[in-house]
Amino acid sequence: MCEEEEVYCPELQDTTQGKSLGKTCMKCKESSAVLLIRAGDAFCKSCFKEYFVHKFRATLGKNRVIYPGEKVLLAFSGGPSSSAMVQQVQEGMSRDAPKKLRFVPGILFIDEGTTCGMSHEERQQNMSEVQNVLQQTGFPFYIVSLEQVFSLPGSILQRGVPEQRANYKQEVDRFMVQQQAQGETGCSDILENLAKLGVNVSESSRESDKMFQSTCRHPPDTHTQKLIQLFASAKTLTAKHQLLHTLRSHLILHIARTCGYSKVMSGESCTRLSVSLLSNISLGRGAFLPLDTGFCDSRYGDVDIIRPMREYSLKEIAFYNRLFHVSSVFIPALNTKVLENSSIQQLSEVFINRLQADFPSTVSTVYRTSEKLNVSKIDANQGTCAKERCLLCLSPLDTQVGEASAFHATQISHYISQKILMKFNDPANSSGKSCCQEGKCCKGPGYGDFCQPRALQAPSFVDMLCYGCRLTVKDLQSLDALPQYVLHEAEHRSRRIEMRKEIEEFLLDKDEENLH
Amino acid sequence: MRVQWFCFFLSCLTRRVLRGGAELLFDGIKQHQVTLPNQSNPWDIRQLLVWIRHNLLKERPELFIQGDTVRPGILVLINDADWELMGELDYQLEDKDNIVFISTLHGG
Ligand SMILES: [Zn+2]
Ligand SMILES: [Zn+2]
């Protein structure tokens, strides 16, 4: 080994050291490069900054979804991408920015410490770190615990009515006139709303010490226990990830709705989106790829989720944060220090990163594929609210398909295999018939492992879910651990369906009348 | 005697490793100063990774090093520049070089 090194060293020195000194920035062709993005594009520090800042504005400008004066909630996780996103908004808001951003930002941080078994003290420490970072932004911010999902209303699972907006250009013009006429409006109404909800608000201009106490308020222990129970009932890490994602989305939506934000910015990078693209396909969520990974996700109707960081790779983000001192907060998550094969999400990440190491265009290829999937088509084909939506993820249901479909085939095979299972499990009821007599399990293809009656009957609940969410729920030991708002809304829906069945005859008559 | 700075950035793995040793908190960055033993050939990154593996990583080294290089998804910065511009594993360390490892993996 040593000999080899001695032989090769002079050569290596020639090529490598020479290369690093010789590589100049491809943009200004003057300064020496500090970063290689994509194949062969080397940037110097100042050109990289310009490129990074420009891309953010260009992404927002190109898509034209944020109206001037609109309230936008930035979802901040403490991680590098959302930290960079908040920093870009700050940059765009600064007085000397060339094309100033004209929306009204607020920041939301959700403390998810309970899901990975963090102690109260650890969570406090993380939250105060987050608080320190957010205070420096000068934007209003909200710090809430995931435990808050236990006080959400069932209405969170109903689709809102999209606000009718005039033409983008007209809105911009109107805004400019409005701004000249009046000064900035206060946000007292929001504060009032929040006080009612028990959400903790903090504004940099306020007395920070007082606010600090309220922001780090201890969630009720019973809620913490319930949350621990819920996550313990998920049998796989994959399901835990999906569950966390679902609950988090509901809480973000809730805060956005109650505080009057009509847009939420989510900081997924293109690396992360490529990973979710692959994992979502494996999780049976292929039908919703445009919603789950696209630039604008309008499934909630009144609140749109937009992803302005989706054109940055994690490498670009990491370099930007390092070179321009964007501080982020490291908070352990569900997948911290886990084995590579512990969940589908983890496996997809490992797969993408391995591939990316050998083929540097992997992420951009996967990402560009996702771009070709159109969001508007889903809405266009299925109407705005006409189609039934999944109870949990609010995507238009992908389960109302014909009998000659893969979905139907999967269901049948599941049904049959379950029947066999039940026979083995219960020798007393060795025939399928005796099981049916109880009338519990043969109403439809249920997902329970036994014939036990449940507080909420699994089949009707499962019927309200999309295929992907069904798989997640299947991995839950009991539905009873789910937060009340989910169960309430499920009941509400099944009652509505029953009612519809009762009056169906009359409705049909009406239709026929219309036809005549 | 060579003195180098190794900053381990937001990586849970190293955070734990460094907990016992000389640990400095600086802008949320964990910094670690190490003195590498003298050797006849100049140190390169390849050798440095082996050294880190033996001296700093006590547990689950595969979260940081795989094969003879860093785990895919971990970025290496040499004096705040991309190591891909500096010859990667073959880069020869100089006195007071600043090597940073940044994990882009979800969960650190
Ligand atoms: Zn340049
Ligand atoms: Zn769903």
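None of these values were measured; they are calculated from a predicted model. (Residues numbered from 1 in each chain as written. Chains lettered and ligands numbered in written order. Predicted model: local features only at pLDDT ≥ 70, side-chain atom pairs only at ≥ 80, totals over all residues. Heavy atoms only, no water.)

1. Quick look at the overall build of chain A
Moving on, step 1. Counting its regular elements, chain A contains 21 helices and nine strands.
Moving on, step 2. With 516 residues in all, chain A has 49% of them scored as buried.
Moving on, step 3. Residue pairs in contact within chain A that sit at least 24 positions apart in sequence constitute 73% of those at least 6 positions apart.
Moving on, step 4. Within the structure as shown, chain A displays about 26200 Å² of accessible surface, and the carbon and sulfur contribution to it stands at 53%. (Helix = DSSP H or I, 4+ residues; strand = E, 2+ residues; numbered from the N terminus. Buried < 20%, exposed > 50% of the residue type's maximum accessible area, 1.4 Å probe, protein only. Contact = heavy atoms within 4.5 Å. Areas by Shrake-Rupley, 256 points an atom, 1.4 Å probe, with all protein chains shown as cover.)

2. Some words on the coordination of the zinc ion (ligand 2)
Tetrahedral metal sites with four donors have an ideal angle of 109.5 degrees; octahedral sites with six donors have ideal angles of 90 or 180 degrees.
Moving on, step 1. Protein coordination at the zinc ion (ligand 2): the donors are Cys390 of chain A (SG), Cys393 of chain A (SG), Cys466 of chain A (SG) and Cys469 of chain A (SG), at 2.2 to 2.3 Å from the metal.
Moving on, step 2. Around the zinc ion (ligand 2), the four donor atoms sit at angles spanning 103 to 116 degrees, and that spread fits a shape best called tetrahedral. (Donors = N, O, S within 2.8 Å, 3.2 Å for Na, K, Ca; no water. Tetrahedral: all angles 85-135°; square planar, octahedral: opposite > 155°, others 65-115°.)

3. Notes on the packing of aromatic side chains
Residue and element names in this part refer to chain A.
Moving on, step 1. Taken as a whole and assessed by the stated rule, the structure comprises 10 aromatic pairs over all chains.
Moving on, step 2. Ring geometry for Phe52 and Tyr320: centres 4.0 Å apart, planes at 10 degrees, overall stacked. Placement of the pair is Phe52 in helix α2 (residues 45-63) and Tyr320 in helix α12 (residues 314-323), with a sequence separation of 268 residues.
Moving on, step 3. Residue Tyr320 is classed as buried on the basis of its relative accessible area of 0%.
Moving on, step 4. Through a chain of ring-to-ring contacts, three or more aromatic side chains come together here, namely Phe43, Phe48, Tyr51, Phe52, Tyr312, Tyr320 and Phe324.
Moving on, step 5. Sitting over the ring of Tyr261, Lys71 keeps its end group 4.5 Å from the ring centre. (Phe/Tyr/Trp six-rings, centres within 6.5 Å; stacked < 30°, edge-to-face > 60°. Lys NZ or Arg CZ within 6 Å of the ring centre and 35° of its normal.)

4. Observations concerning the packing of helix α13 (residues 344-358) of chain A against helix α14 (residues 362-372) of chain A
All names here are of chain A.
Moving on, step 1. Put simply, α13 and α14 touch, their axes get as near as 8 Å, and they point 125 degrees apart. Considering the angle they form, α13 stands oblique to α14. Contacts between α13 and α14 involve Ile352, Leu355 and Gln356 on the former and, on the latter, Thr362, Val363 and Val366.
Moving on, step 2. Within the contact of α13 with α14, the residues separate by chemical class into four nonpolar, two polar and no charged. (Axes fitted to C-alpha atoms, helices over the stretch in contact; angles between N-to-C directions. Parallel < 35°, antiparallel > 145°, perpendicular 65-115°, else oblique. Nonpolar A, V, L, I, M, F, W, Y, C, P; charged D, E, K, R; others polar.)

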